[in-house]
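Examination of the molecular architecture
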Amino acid sequence: MNRFRLIIVVIVTGILQTALFSRINIFGATPSLALPVIVALSMGLGYFTGGLAALFLGLIEDSLFSPILGPIALIYFIFGYMVGNYNYKLNYRDYRTGILITLLLTVINFGASFGMAYLSGGLANAISYAKGPILIELVLNGLIYYIVMRIFKRLFIFPNVSYY
Amino acid sequence: MINKRRIFFLAITGSLIGLMALSWAFPVLGRSITTTYRTVTGPVYRSVSFTIDKAIALGDFLFGSRQMRAEHKKFRQENILLSEKVAELETVVGREEFLKKEYEILKKTEYVVQPAYVTSQDPGGFFFDFTIDRGENSGVKLGDVVVAGEMYTEANFIEGLIGVVEEVGPNWARVVSTLNEETNISFLNSRNLEYGILNGREDRGMFGYVFQTNSDIRVGDKLLTSGLGGVYPKGIYIGEVIDVNVNEELIAHIIVDPVVDFSRLYRVLVIDKEAGLE
């Protein structure tokens with residue numbers, strides 16, 4: 001049951017991220033759905049499931065916007081794997097932990113986006129984004145994580161310790 | 001357990017690095033995968049975009065803000081047109097012949113346009129790269145120019161330059177916007193008909209310079225595409241000059257605020273470049 005729901009969640013997240021969330025503009029900030037979903041899945045389901053879900057989410061974004069396939073998938077996979085790898089030390093029931101990890105990954109992901117923006121010709125926008133909107137994105141992503149995790153707790157059966 | 005995790009991590013990471021190297025070395029391979037994905041998921045993205053667009057239209061209708069914005073936009077455009085006419089009249093004595101030719105060219109130019117929905121954009125929200133729901137099947141071709149217009153076909157008012165089609169699939173096209181730093185735009189100042197180029201981007205807008213030394217370009221001047229270089233047709237509104245700096249060599253460096261509000265871009269118009277240039 002978890003597997004089927006997971007596939008649906010990954011597909012819906014991929015579509016919503018690129019078709020809806022990327023076009024939301026709140027005081028110049030664009031929130032991310034993919035990062036909170038990766039954190040929530042990896043914290044709840046472990047490195048294997050979290051890593052693979054993150055990998056497919058990244059491939060969806062890569063296939064739409066990256067000139068080469070793989071960079072976003074690689075970044076997301078590392079995020080998913082790292083969070084999932086230490087999920088036995090993290091308490092997914094405590095929202096604060098997940099929110100903090102989401103904020104940290106948002107900053108790291110922005111650093112990666114900054115690098116890609118440099119390569120693909122959008123550095124000026126990235127600099128502008130770093131001057132303020134990134135702070136709003138942090139708040140929004142934290143809030144999205146809270147909502148996503150509340151939904152996932154009802155949707156998935158999270159084991160206490162994930163082995164696989 | 002640790003080895004298993006390491007093997008999993010290394011296998012996936014290695015595969016992804018391999019995939020990156022392959023799609024970099026053989027762009028056709030990467031392109032065929034992305035084309036297949038975009039073509040297959042095109043209808044889904046189109047449905048989502050259509051739903052979002054209608055939801056926004058409904059929200060605007062219920063709260064009335066859209067109507068206010070439409071009126072504001074209409075008055076603003078009328079104001080811009082009047083200002084441009086006044087500016088042209090100011091220079092008419094010295095440049096009557098040039099203006100006459102200019103007027104004739106603009107009068108004859110009738111673009112063939114078709115509306116399209118923006119179905120997805122780069123996840124960072126920078127809007128230098130986005131996808132629309134029209135492709136080869138609708139006659140969209142590589143190099144077609146994308147502009148912003150009103151939501152409804154009756155209005156069809158071309159508001160400003162957005163970008164150019166860089167990749168086309170059966171039911172989608174990828175557009176590189178003017179926000180992209182690699183996009184150079186040759187411009188024509190609507191007030192004094194001087195030429196220049198916008199060849200950079202910064203957080204305040206696009207920057208560039210006027211070809212002519214001792215230029216009298218001013219803050220508030222409106223820039224149009226010049227048609228030079230053949231990438232963009234002549235006469236599309238780019239934006240307004242917000243800053244002018246003249247250097248020691250008397251070359252005017254400018255910063256331009258794009259006319260298009262990229263943060264609220266849901267529907268665009270694709271200009272059939274070949275038909276427009278006929």
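First, a word on what this report is: a plain description of the structure on this page. No experiment lies behind these values; they were computed from the predicted model shown. (Residues numbered from 1 in each chain as written. Chains lettered and ligands numbered in written order. Predicted model: local features only at pLDDT ≥ 70, side-chain atom pairs only at ≥ 80, totals over all residues. Heavy atoms only, no water.)

Right, let's get into the overall build of chain B. Of the regular secondary structure elements, chain B holds four helices and 12 strands. Here chain B holds 278 residues, and the buried ones make up 45% of them. Nonlocal contacts in chain B, meaning residues at least 24 apart in sequence, comprise 61% of its contacts between residues at least 6 apart. With an accessible surface of roughly 14,500 Å², chain B has 59% of that area assigned to carbon and sulfur atoms. (Helix = DSSP H or I, 4+ residues; strand = E, 2+ residues; numbered from the N terminus. Buried < 20%, exposed > 50% of the residue type's maximum accessible area, 1.4 Å probe, protein only. Contact = heavy atoms within 4.5 Å. Areas by Shrake-Rupley, 256 points an atom, 1.4 Å probe, with all protein chains shown as cover.)

This part is about the nonpolar core. Burial of nonpolar side chains together is a common tendency in soluble globular proteins. Counting residues in hydrophobic clusters, the biggest one holds 33 residues, and the most contacted among them are A:Val37, A:Leu41, A:Tyr76, A:Phe152 and A:Phe156. Listed by contribution, the elements that provide at least two residues to this core are helix H1 (2-19), helix H2 (34-65), helix H3 (71-85), helix H4 (95-120) and helix H6 (133-155) of chain A. Ranked by the residues each element gives to this core, the list is headed by H2(A), at 12 residues. In this structure A:Phe156 touches A:Asn2, A:Arg5, A:Leu6, A:Val9, A:Leu41 and A:Leu45, once residues within four positions along its chain are discounted. Membership of the second largest hydrophobic core comes to 23 residues, among which are B:Phe130, B:Val168, B:Leu224 and B:Leu265. (Core = buried A, V, L, I, M, F, W, Y, C linked by side-chain atoms within 4.5 Å.)

In this model H6(A) runs 32 Å from its N-terminal to its C-terminal C-alpha over 23 residues, within 8% of the 33 Å that 1.5 Å per residue would give. What H6(A) keeps buried is the set A:Pro133, A:Ile134, A:Glu137, A:Leu138, A:Leu140, A:Asn141, A:Gly142, A:Ile144, A:Tyr145, A:Val148, A:Met149 and A:Phe152. (Expected span 1.5 Å × (residues − 1).)

Listed per partner, the contact involves 47 residues of chain A and 48 residues of chain B. Between chain A and chain B, the buried area comes to about 4,100 Å², and carbon and sulfur atoms account for 67% of it. Across the contact surface, chain A and chain B share zero salt bridges. Elements supplying a minimum of two residues to the side of chain A that touches chain B: H1, H2, H3, H4 and helix H5 (123-130) of chain A. When residues in the side of chain A that touches chain B are grouped by element, the largest group, 10 residues, is from H2(A). (Buried area = accessible area lost by both parts, 1.4 Å probe. Salt bridge = Lys/Arg side-chain N within 4 Å of Asp/Glu carboxyl O.)

We now examine the pairing of strand E10 (residues 237-246) of chain B. As a general feature of sheets, a regular strand has side chains that alternate between the two faces. Residues and elements named next belong to chain B. The pairing of strand E9 (residues 222-225) with E10 spans three bridges and is antiparallel. Across the sheet, residue Leu223 finds its bridge partner in E10, namely Gly239. Two strands pair when backbone bridges link them, and E10 and strand E11 (residues 252-258) are joined in this way by seven bridges, in the antiparallel orientation. Note that in E11 the partner of Asn245 across the bridge is His253. Connecting E10 to the antiparallel partner E11 that follows it, the hairpin turn spans five residues, and Leu250 within it adopts a positive phi of roughly 65°. (Pairing = 2+ DSSP bridges.)

Residues and elements named next belong to chain B. Strand order in the closed barrel formed by six strands is E1-E2-E5-E4-E3-E12, with antiparallel pairing between adjacent strands. Averaged over all neighbouring strand pairs, the angle between strand axes comes to 45°, with direction disregarded. By the bridge criterion, five bridges tie strand E4 (residues 160-168) to strand E5 (residues 173-177) in an arrangement that is antiparallel. Each residue of the ladder has a partner; that of Glu167, found in E5, is Arg174. (Axes fitted to C-alpha atoms, helices over the stretch in contact; angles between N-to-C directions.)

It is worth spelling out H1(A) at this point. Here H1(A) is 18 residues long and its end C-alpha atoms lie 25 Å apart, about the 26 Å a rise of 1.5 Å per residue gives. By the burial criterion, the buried members of H1(A) are A:Leu6, A:Val9, A:Val10, A:Thr13, A:Gly14, A:Ile15, A:Gln17, A:Thr18 and A:Ala19.

Residue and element names in this part refer to chain B. Applying the stated criterion across every chain yields a total of 10 salt bridges over all chains. Linking Lys141 and Asp272 is a salt bridge whose minimum nitrogen-to-oxygen distance equals 3.1 Å. Linking Lys141 in the loop between strand E2 (129-132) and strand E3 (145-148) with Asp272 in strand E12 (residues 267-272), this pair joins segments that are 131 residues apart in sequence. Judged by its relative accessible area of 25%, Lys141 is partly exposed. A salt bridge links Asp216 to Arg191; the shortest N-O distance between them is 3.5 Å. One end of the pair, Asp216, is in the loop between strand E8 (205-210) and E9; the other, Arg191, is in the loop between strand E6 (185-189) and strand E7 (195-202), with 25 residues separating them in the sequence. Residue class for Asp216 comes out partly exposed when judged on its relative accessible area of 35%. Three or more residues joined by partner-sharing salt bridges are found here, namely Arg38, Asp129, Glu166, Glu167 and Arg174.

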